[in-house]
Amino acid sequence: RRSMYAAAAAAASSLRARAAYSSMRISSSSSSSSASSSSAVSSAAFVRTRQARCGGGAWRARGARLTRRLARPWSSSASSRVSRGRLHRASAGKAVDADGAPHVSVMLEEILECFADVEARTHVDGTLGAGGHAAAMITRHAEMEQFIGFDVDRSAHALAQPRLEQAREKAAANARATGTLKLSLVEANFRQMREALKALKVDGVDSILLDLGVSSMHLDRAERGFSFMNDGPLDMRMGESAKTTAEEIVNTWPEEEIGRILRDYGEERHWRLLAKRICEARVEKDIKTTRELVEAIGNVPGKWGSIHPATRTFQGIRIAVNDELGAVEDVIPAAIESLRPGGRLAIISFHSLEDSIVKKQFRKFAGFAEPLSEEVNRYMPQPEKPPKIVRLITRKPLVPSAKEIDENVRSRSAKLRVCEKL
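These remarks concern the structure in this document. All of these numbers come straight from a predicted model, not from anything done at the bench.

## Re helix 13 (residues 290-297)
Stage number 1. Thr290, Leu293, Ala296 and Ile297 are the residues of helix 13 that are buried. Looking straight down helix 13, one finds that the buried residues subtend no more than 120° of arc, so they occupy a single side.
Stage number 2. Looking at the packing, one finds that the buried side of helix 13 touches helix 10 (246-252), helix 12 (271-284) and helix 14 (311-322).
Stage number 3. Downstream of helix 13 by one or two residues, glycine 298 has phi in the positive range, about 70°.

And the structure:
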């Protein structure tokens, strides 16, 4: 034991000497190295305590290795690499696509592949956006006779229409083209698909695509209020038809309701704490900008890595503003009802809440019974299986390739599920 104490004391002395030398050398240029030296000293104190309490050769060897590692001078380049990596993840995805549009279509090749065996004479894109998926489908399926695109954002229609007309010209030059493609753009949420198709007198659809969530066009424009990286007004509405704004939610909703949307929609573990902070901040003055909301949230407990601490809060508020989950639940039955036999529905989701709804709805229409729960266990009479209307093309969701994630980091959480009408 005396030798153990002597070794720990020698290590501490060496650390103090090294920390003193480091602080003398770096004090004029940077404070990061001195902070890490003090961190090394405190970490070494922890090691010495463990050595003193636990004893034993294994602990002494492990403590000596840890002490040597902590005693190494911290390289400022390492912290800069971490910062650059975090900045890269936060700002990635802003690059334009091959046609110069301000949004890179996610899992484009996978989408084209899942519709390759479908004769898509009538195609519906429920989330038009910049028209990347739509233009690719029109170009690839020369047999297409009618295209219907939904989007609540008027600016998306302005971006997509010239692109779709150009794709129509390319498709018309194809030998397999059956005639002039009819383009119908609907400024509405895809949850109104049933009514819109009826108004357009469309009696059946061969292929439907839904790319859920928010697009780069929303995130990269500060005036839309979706991003915590750019300061702008707290709006978060995907279209003018939304009934509320993010500013109204954070400034007028009760603390319990704000906490609920952070918990249920944002999947935020510290929802009580953050709801309390938001309500305390709005007492002093109204929260009107994204930066003010980030400041009200403050430091969130836990290790976040490359994810910004405000990510889940912004996600929860955005979903509440646009009722995104309700729209997904409404559109899937309407989309499956609109499909012709052999037609396919493909849905790209970006977080577990959306994917869970898609998975449950697909399983329901594929004839699978609800999984057992506390209300219905295996000893009780089992509910009847629902009628089988579709078959699952993807039993497990498809995910982006490593290459795509490297080129467009915003695609990293995407999941694609596909079903086919029987």
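## Quick notes on the packing of helix 13 against helix 14
Stage number 1. Where helix 13 contacts helix 14, the two axes come as close as 11 Å, and the packing angle between them is 125°. The pairing of helix 13 with helix 14 is recorded here as oblique in orientation. Helix 13 and helix 14 meet at a crossing whose hand is right-handed. Across the interface between the two elements, Thr290, Leu293, Val294 and Ile297 from helix 13 touch Thr313, Phe314 and Ile317 from helix 14.
Stage number 2. Split into classes, the residues belonging to the contact of helix 13 with helix 14 amount to five nonpolar, two polar and no charged.

## As for the nonpolar core
Stage number 1. In terms of nonpolar packing, the biggest core is built from 34 residues, with Met193, Ile332 and Leu345 touching the most fellow members.
Stage number 2. Elements that contribute at least two residues to this core include exactly strand 2 (146-150), helix 8 (193-199), strand 4 (205-211), helix 15 (324-338), strand 5 (339-349), helix 16 (352-365) and strand 6 (390-392).
Stage number 3. In terms of residue count, the dominant contributor to this core is helix 15 (seven residues).
Stage number 4. Other than its neighbours up to four places away in sequence, isoleucine 332 contacts Ile347, Ile357, Val358, Gln361, Phe362 and Phe365.

## Topic: the packing of aromatic side chains
Stage number 1. Under the defined criterion, the tally for this structure stands at one aromatic pair.
Stage number 2. Here the aromatic rings of phenylalanine 228 and phenylalanine 314 are separated by 5.4 Å at their centres, their planes lie at 80°, and the arrangement is edge-to-face. You can see phenylalanine 228 sitting in the loop between helix 9 (216-219) and helix 10 and its partner phenylalanine 314 sitting in helix 14, a full 86 residues away along the chain.
Stage number 3. Its relative accessible area of 3% is what places phenylalanine 314 among the buried residues.
Stage number 4. Over the ring of phenylalanine 368 we find arginine 363; its NZ or CZ atom is 4.4 Å from the centre of that ring.
Stage number 5. Here the basic side chain of lysine 364 rests over the ring of phenylalanine 365, its NZ or CZ set 5.6 Å away from the ring centre.

## Some remarks on the packing of helix 12 against helix 13
Stage number 1. It is at 8 Å that the axes of helix 12 and helix 13 come closest, and there the two elements cross at 120°. Overall, the two elements helix 12 and helix 13 adopt an arrangement that is oblique. Our pair here, helix 12 against helix 13, has a crossing hand that is right-handed. The segment helix 12 lies against helix 13, with Leu274, Arg277, Ile278 and Ala281 engaging Leu293, Ala296 and Ile297.
Stage number 2. Of the residues belonging to the contact of helix 12 with helix 13, the class tally is six nonpolar, no polar and one charged.

## Details of helix 15
Stage number 1. End to end, helix 15 covers 21 Å across 15 residues, agreeing with the expected 21 Å (1.5 Å per residue, within 8%).
Stage number 2. At valine 331, helix 15 is deflected by roughly 25°, the largest bend along its length, and proline proline 333 occurs up to four residues later in sequence.
Stage number 3. Burial analysis of helix 15 places eleven of its 15 residues in the buried class, which makes it a mostly covered element.
Stage number 4. Looking at helix 15, one finds that the buried residues are Glu324, Leu325, Gly326, Ala327, Val328, Val331, Ile332, Ala334, Ala335, Ile336 and Ser338.

## Some words on a positive patch on the surface
Stage number 1. On the surface, Lys359, Arg363, Lys388, Arg395 and Lys415 cluster together into a positively charged patch.
Stage number 2. For arginine 363, the location among the structural elements is in helix 16.

## Thoughts on the environment of serine 216
Stage number 1. Within the element layout of this structure, serine 216 appears in helix 9.
Stage number 2. Residue serine 216 is classed as buried on the basis of its relative accessible area, which comes to 4%.
Stage number 3. A sequence separation of ten residues divides serine 216 from phenylalanine 226, and the C-alpha atoms of the two residues are 9.9 Å apart.

## Regarding the sheet that holds strand 2
Stage number 1. Ordered by their spatial adjacency, seven strands build an open sheet running 3-2-1-4-5-7-6, and the pairing between neighbours is mixed. Only two strands of the sheet have a single neighbouring strand rather than two, namely strand 3 (182-186) and strand 6. The average angle at which neighbouring strand axes cross in this sheet is 15°, direction not considered.
Stage number 2. Relative to strand 2, strand 1 (residues 122-125) is paired through four bridges, and the arrangement is parallel. Note that in strand 2 the partner of valine 124 across the bridge is isoleucine 148.
Stage number 3. Against the sheet, helix 16 makes contact with strand 5, strand 6 and strand 7 (415-421), and its axis sits at roughly 20° relative to strand 7, the strand it touches most.

Reading the values: rules and limits
- Residues numbered from 1 in each chain as written.
- Predicted model: local features only at pLDDT ≥ 70, side-chain atom pairs only at ≥ 80, totals over all residues.
- Heavy atoms only, no water.
- Buried < 20%, exposed > 50% of the residue type's maximum accessible area, 1.4 Å probe, protein only.
- Helix = DSSP H or I, 4+ residues; strand = E, 2+ residues; numbered from the N terminus.
- Arc of directions from axis to C-beta.
- Contact = heavy atoms within 4.5 Å.
- Axes fitted to C-alpha atoms, helices over the stretch in contact; angles between N-to-C directions.
- Parallel < 35°, antiparallel > 145°, perpendicular 65-115°, else oblique.
- Left-handed = near helix turned anticlockwise from the far one by under 90°.
- Nonpolar A, V, L, I, M, F, W, Y, C, P; charged D, E, K, R; others polar.
- Core = buried A, V, L, I, M, F, W, Y, C linked by side-chain atoms within 4.5 Å.
- Phe/Tyr/Trp six-rings, centres within 6.5 Å; stacked < 30°, edge-to-face > 60°.
- Lys NZ or Arg CZ within 6 Å of the ring centre and 35° of its normal.
- Expected span 1.5 Å × (residues − 1).
- Bend = angle between axes of the 7 residues up to and from the residue.
- Patch = residues over 30% accessible without salt bridge, like charges linked within 9 Å, V, L, I, M, F, W, Y side chains within 5 Å.
- Areas by Shrake-Rupley, 256 points an atom, 1.4 Å probe, with all protein chains shown as cover.
- Salt bridge = Lys/Arg side-chain N within 4 Å of Asp/Glu carboxyl O.
- Lys, Arg positive; Asp, Glu negative; His and termini not counted.
- Charge placed at Lys NZ, Arg CZ, Asp CG, Glu CD.
- Pairing = 2+ DSSP bridges.

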